[in-house]
Amino acid sequence: MTSARDLSAHLAELLHRERAALGEFLVALADFDRNRLWVELGHASLFYFLHRELGLSSGAAFYRKTAAELIQRFPEIVDPLRDGRLCMTSVVELAKVLTPENRGDVLPRFFHLSKSGAKAVSAALRPNEAAPHRAVVTALRPTAAAAAPVLAATAAQDPILESPFHPDEAPRANPVQGPTPPVPAPSPTLIPAPARTRSSRRDSTSSSIATPSGRGSSRSRGASRRLRSRTTSPPT
């Protein structure tokens, strides 16, 4: 029965072979790209050769393409890739900052780093790139409360500006407050109807009361005759 220690040693040996095979694959891929042999196979670039011819995913093809191009410029990254000091996912960030002048100092800073750690080192080494922006200037109409201190300070410096208009000119609309609002038209005055007197109410009541037999009309006529006789006879 195989023990856990034996299996661990076997896995470590397979991992070493995997890394060595990856290094050999990248070296061969760099030579393949240097001679542009992917053109003879009808591919537009090395990426399409890896993706379509070898069947790698887009991410795996991009990592290996970047590593093969970096090996052509800096062959010293092959040994770190073979022994596992340099991870394949950190090669992309290393390619952004590695130059012939800083290769001796920058390359060791990426050893044993994850993808996020490599991004942090790359961001620290690269100068800050300002994002493109566009300044848009819009004119804002000041309110009366905001413009009052400015007008007061201007009037204190120039006595002519104390009045809203020049003496020789006609009054103008206030540029801050805008045009003067129209004056509303006066509402019509309601005249109350004259109060009705007691005699008028009596006359209207007596005239409005009528019966089919005419009794109401004769009764009202008799009352009116007696009223006229009382008002016309002189006092005794």
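Located above this text is the structure these notes cover.
On a predicted model such as this, the values are computed, not experimentally measured, just so you know.

1. A word on the packing of aromatic side chains
One pass over the structure, following the stated rule, counts three aromatic pairs. Geometrically, the ring pair formed by phenylalanine 47 and tyrosine 48 is edge-to-face, given 5.5 Å between the ring centres and 80° between the ring planes. Of the residues examined, tyrosine 48 reaches a relative accessible area of 32% and is grouped as partly exposed. Note on phenylalanine 62 and tyrosine 63: the rings are 6.3 Å apart at their centroids and 50° apart in plane angle, and the pair reads as tilted. With a relative accessible area of 39%, phenylalanine 62 lands in the partly exposed category. Residue classification places tyrosine 63 among the buried positions, given a relative accessible area of 18%.

2. What about helix α2 (residues 46-53)?
Taken residue by residue, α2 has Leu46, Phe49 and Leu50 as its buried positions. Taken end-on, α2 shows its buried residues confined to a sector of 95°, consistent with a single buried face. Next to the buried residues of α2 lie α1 (4-34) and α3 (58-73). At the exit of α2 stands glycine 55, carrying a positive phi of roughly 80°.

3. Concerning the side chain of glutamate 93
Residue position: glutamate 93 is located in helix α5 (residues 91-97). Accessibility expressed as a relative area gives 7% for glutamate 93, which makes it buried. Aside from chain neighbours lying at most four places away, what touches glutamate 93 is Phe110, Ala118, Lys119 and Ser122.

Here is what the cut-offs are and how they apply
- Throughout this document, residue positions are counted from 1 along each chain, in the order its sequence is written.
- For this predicted model, a pLDDT threshold of at least 70 governs which residues receive local features, and a threshold of 80 or more governs which side-chain atom pairs are given and counted, while totals over whole chains, interfaces and linings are taken from all residues.
- Here the side-chain values reflect all heavy atoms present in the structure, with hydrogen atoms and water set aside.
- Any two rings among Phe, Tyr and Trp, with Trp reduced to its six-membered ring, count as a pair given centres within 6.5 Å; such a pair is stacked if its planes are under 30 degrees apart, edge-to-face if over 60, and tilted if neither.
- Accessibility here uses a 1.4 Å probe with only protein chains present; expressed as a share of the type maximum, an area under 20% marks a residue as buried, one over 50% as exposed, and anything in between as partly exposed.
- Counting from the N terminus, the helices are the DSSP runs of H or I reaching at least four residues and the strands are the DSSP runs of E reaching at least two.
- The directions from the helix axis to the C-beta atoms are what the arc is built from.
- In this analysis, two residues are considered to be in contact whenever any of their non-hydrogen atoms come within 4.5 Å of each other.

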